[in-house]
Every structure is written in structure tokens, then in C-alpha cells.
Amino acid sequence: MHVCMIVPNEAVKGGIASVVNGYRGSVLEAHYRITYIESYQNGSKWSKLAKALKAYVAFFRLLRRDTPDLVHVHSSFGPSFYRKMPFILWSAARGIPVVNHIHGAEFDSFYEKASEAKRRRIRKVYGKCTRLVALSAEWADRLGQIVPRDRIDILENYCRIPAVPYDTGRDRKQILFLGELGERKGCFDIPAVLERVKRHCPEVKLVMAGDGEMEQVKGAFLEKGLLEAVSFPGWVRGKEKERLLEESGIFLFPSYHEGMPMAVLEAMAYGMGIVTTSVGGIPQLIRNGESGFLAAPGDIEAMAEAIERFLTEDDCLAACGRGAREKAESAYSLERHLVKLGTVYERACAGR
């Protein structure tokens, strides 16, 4: 089967690129002939526009010379929806099955609170897709407002399981955040969490690994006199990210909106003590008190108390780290993910 996959550039920051980059060079390419077309890259709005236009030209050429059996679109909400819309409509017009793999997290502003004209457009475009892929059961139910539920498949994100043992050489007093620095990820709640934790553990330190609203986030720590306790290495990947995951004891991810965050999955794979929020697909990953701790978004006290337990109770940190890693190994490996993806492909092409 020839699959055309619409993807971001490998260097793009964020969850979609992380998911797709794991496909490149994997056994998926042994089972399917995959043509990757990159429709997005980092840079100015003009470079992004140029990238999209080149992708449309490349797609048209592919349709003329080597028509794929299936088109797999990786999309989000907002601008990503409009950028991917031509691929979906052109494929559907030619009778090519379309799998729309939806990674977005802010469904309220995208659909539920949108104008009726925008909602009609979204329903029309999604209605052209053969299958929609949701990252969790909760997101499948929400997307069921747009298309029939029986056309939606659940395909969780995955993580790579490191060889390093989950309980080796960690600094339990180092807290790690990975992701976009901004309001959606709860970054402006973290200074208050750290302030509370440092009352009981003054030597605790925090690594805010990511980019985005960096100066604003730094300002929030500065206001509380905590900036010296925080390091900002910027966006990390590869060996640098692995090092931070290996050496940090606690992972803090106080997000307000999520699908199924790769950052939490990575922290699970490394057996960290995870403190996060009960949004999107996260409760599917973390069982409260067994493989980490969950709090409501914005609940500063609950997140601080969970971190303090990890800092003071050796058994709690070890048990949650072990539980998180075991869950990652059993349910969220790349190999398991690719088997499920193959099933989605077969369903999409079954009626052709």
C-alpha cells in the first residue's frame, strides 16, 4: 500500500513532529510505501506560507505520477486545520481514502464556541475524511460531535522505552518541565507551586525546558524572587532531553488543555515521579497515587503537596516511578502504536 503522509518538518517543535519522527525509519516503512510531504516548518509567516505552497505543488505532482492508496494527514486545530484542508478535499475528490490524525487540544475555541459558519466548514471538511484518529476516548467523544462515532479510531501516542533503569542516579530535588512555555501548559502556575514547595525544601531546583513566552514566564518567577532557582535551557531534544529525563526526579506538567502529551509519556518511560493535571487523555496515562499524581488545572496546593510527597517519601517516589514505567512498557510502546496504526489504514481502505 502506498501511503502519502502530510507531516511537519523534522525540526519543528511539538508533539506532532515528535510522533511523526518516530515513524521515519521504523518498521512502518517496511510494511507500507510511504511518501512524506512536509507542509509546515518553523520560521516567519512567509517561510511557513512558502512551505505550504511547496507542499501543495508536491502533492499535485504525486497525484499525477504515483497516486497513493491512502492519505494520512497529521493535523491540529487553528491554522493547521486550514493548512491541511486542501489535502483532504483534493484527496476526497479523487476517491482516495483520508485518515485525519488529530493532535489538537483546544476544541472549545476551535469548534464548540465557533460561529455556525465555521462549524459548518469544519463538519464539511471532517466529513470528507474516511477515518478520524483521536488520541484518547475523551477526545473521540468530543470529535463525535462532528462526525459519527463509528468513523473515529482511538490511537494513543507512544514513547520510546530507555534502557536506563527508572531508579538510577536521579536528583529527586530537581523538578523538570518539558514543553511550550505559556499559559496553556500552566507555566504561570508553576512559580506559585515552586514557592510553596521551597518553604519545606529550600534546596529544590527547577528546569523549565522549552520555549515560547520565555520572558513572561521568567518575569513570573522574578516577581516571587525565585528566578535563581530556575534554569531555562530552551527547547531540548535528543541527548540533551534524555539527560534531563535521566537526572531529574520529578516531572511537573500543569497543563490546562491536552490531547495525549508526548512529554508525559516520556516521563513515564523514564520512571519519573509525575505531577500533572486531569485533562484530555492524561487520566488514561496516570492513575492517581499509583503511577503519579493528578490535580485539577490551576490547583496550586494539590500540585505542591504531591511534589512534597515525592521529596519526602522515598517509597512513594519509587512506587509511582515503577508504576509509570510499567504502564509505558505495557501499553504505549512504538511497536504497539504502529500495529494499531496499521489497523486504521486497513479500515480506511476496506470499502475502496
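Look a little higher up for the structure.
Residues numbered from 1 in each chain as written. Predicted model: local features only at pLDDT ≥ 70, side-chain atom pairs only at ≥ 80, totals over all residues. Heavy atoms only, no water.

Q: Looking at this structure, how should I read the overall build of the chain?
A: Scanning the chain from N- to C-terminus turns up 15 helices and 12 strands. When its C-alpha atoms are laid out on the principal axes, the chain stretches across 65 × 40 × 35 Å. Counting the 352 residues in the chain, one finds 54% classified as buried. Of the contacts formed within the chain by residues at least 6 apart in sequence, a portion of 72% connects residues at least 24 apart. Roughly 15,100 Å² of accessible area belongs to the chain as shown, and the carbon and sulfur atoms make up 49% of that amount. When the 50 basic and 44 acidic side-chain charges of the chain are each reduced to a single mean position, those positions are 10 Å apart. (Helix = DSSP H or I, 4+ residues; strand = E, 2+ residues; numbered from the N terminus. Buried < 20%, exposed > 50% of the residue type's maximum accessible area, 1.4 Å probe, protein only. Contact = heavy atoms within 4.5 Å. Areas by Shrake-Rupley, 256 points an atom, 1.4 Å probe, with all protein chains shown as cover. Lys, Arg positive; Asp, Glu negative; His and termini not counted. Charge placed at Lys NZ, Arg CZ, Asp CG, Glu CD.)

Q: How should I be thinking about the packing of aromatic side chains in this particular structure?
A: Aromatic ring pairs: the centre-centre distance and the angle between the two ring planes describe each pair. Evaluation of the coordinates by the stated rule reveals 18 aromatic pairs. A ring pair is formed by Tyr23 and Tyr158, whose centres lie 6.4 Å apart and whose planes are at 25 degrees; its orientation type is stacked. Of this pair, Tyr23 sits in helix H1 (residues 15–23) while Tyr158 sits in the loop between strand S6 (152–154) and strand S7 (171–178); the two residues are 135 residues apart in sequence, bridging distant segments of the chain. Accessibility expressed as a relative area gives 0% for Tyr23, which makes it buried. (Phe/Tyr/Trp six-rings, centres within 6.5 Å; stacked < 30°, edge-to-face > 60°.)

Q: Looking at this model, I keep getting lost on the packing of helix H4 (residues 79–93) against helix H6 (residues 116–127). Mind explaining?
A: Angle between the axes and distance between the axes: these two values describe a pair of packed helices. Put simply, H4 and H6 touch, their axes get as near as 10 Å, and they point 40 degrees apart. Relative to H6, the element H4 lies oblique. H4 and H6 meet at a crossing whose hand is left-handed. Residue-level contacts link Phe81, Tyr82, Met85 and Ile88 of H4 to Lys118, Arg121, Ile122, Val125 and Tyr126 of H6. Of the residues in the contact of H4 with H6, the class split is seven nonpolar, no polar and two charged. (Axes fitted to C-alpha atoms, helices over the stretch in contact; angles between N-to-C directions. Parallel < 35°, antiparallel > 145°, perpendicular 65-115°, else oblique. Left-handed = near helix turned anticlockwise from the far one by under 90°. Nonpolar A, V, L, I, M, F, W, Y, C, P; charged D, E, K, R; others polar.)

Q: What is the right way to look at the packing of helix H13 (residues 300–312) against helix H14 (residues 314–331) in this model?
A: Closest axis-to-axis distance for the H13/H14 pair is 5 Å, and the angle between their directions is 105 degrees. As summarised for this structure, H13 and H14 are arranged roughly perpendicular, according to the angle between their axes. Residue-level inspection shows Arg309, Phe310 and Thr312 of H13 in contact with H14, the latter providing Asp314, Cys316, Leu317 and Cys320. Taken together, the residues of the contact of H13 with H14 sort by class into four nonpolar, one polar and two charged.

Q: Teacher, can you tell me more about the sheet that holds strand S2 (residues 33–40) here?
A: By way of backbone hydrogen bonds, the strands of a sheet pair with one another, either parallel or antiparallel. Strand order in the open sheet formed by six strands is S2-S1-S3-S4-S5-S6, and the pairing between neighbours is parallel. Two strands bound the open sheet, and with one partner strand each, they are S2 and S6. The sheet shows a mean angle of 20 degrees between the axes of neighbouring strands, direction not considered. With three bridges joining them, strand S5 (residues 131–134) and S6 adopt parallel strand pairing. Note that in S6 the partner of Ala134 across the bridge is Ile154. Taken strand by strand, H4 contacts strand S1 (2–8), S2, strand S3 (70–75) and strand S4 (98–102), and its axis lies near 170 degrees from that of S3. (Pairing = 2+ DSSP bridges.)

Everything listed is a geometric property; what it means functionally is a separate question.
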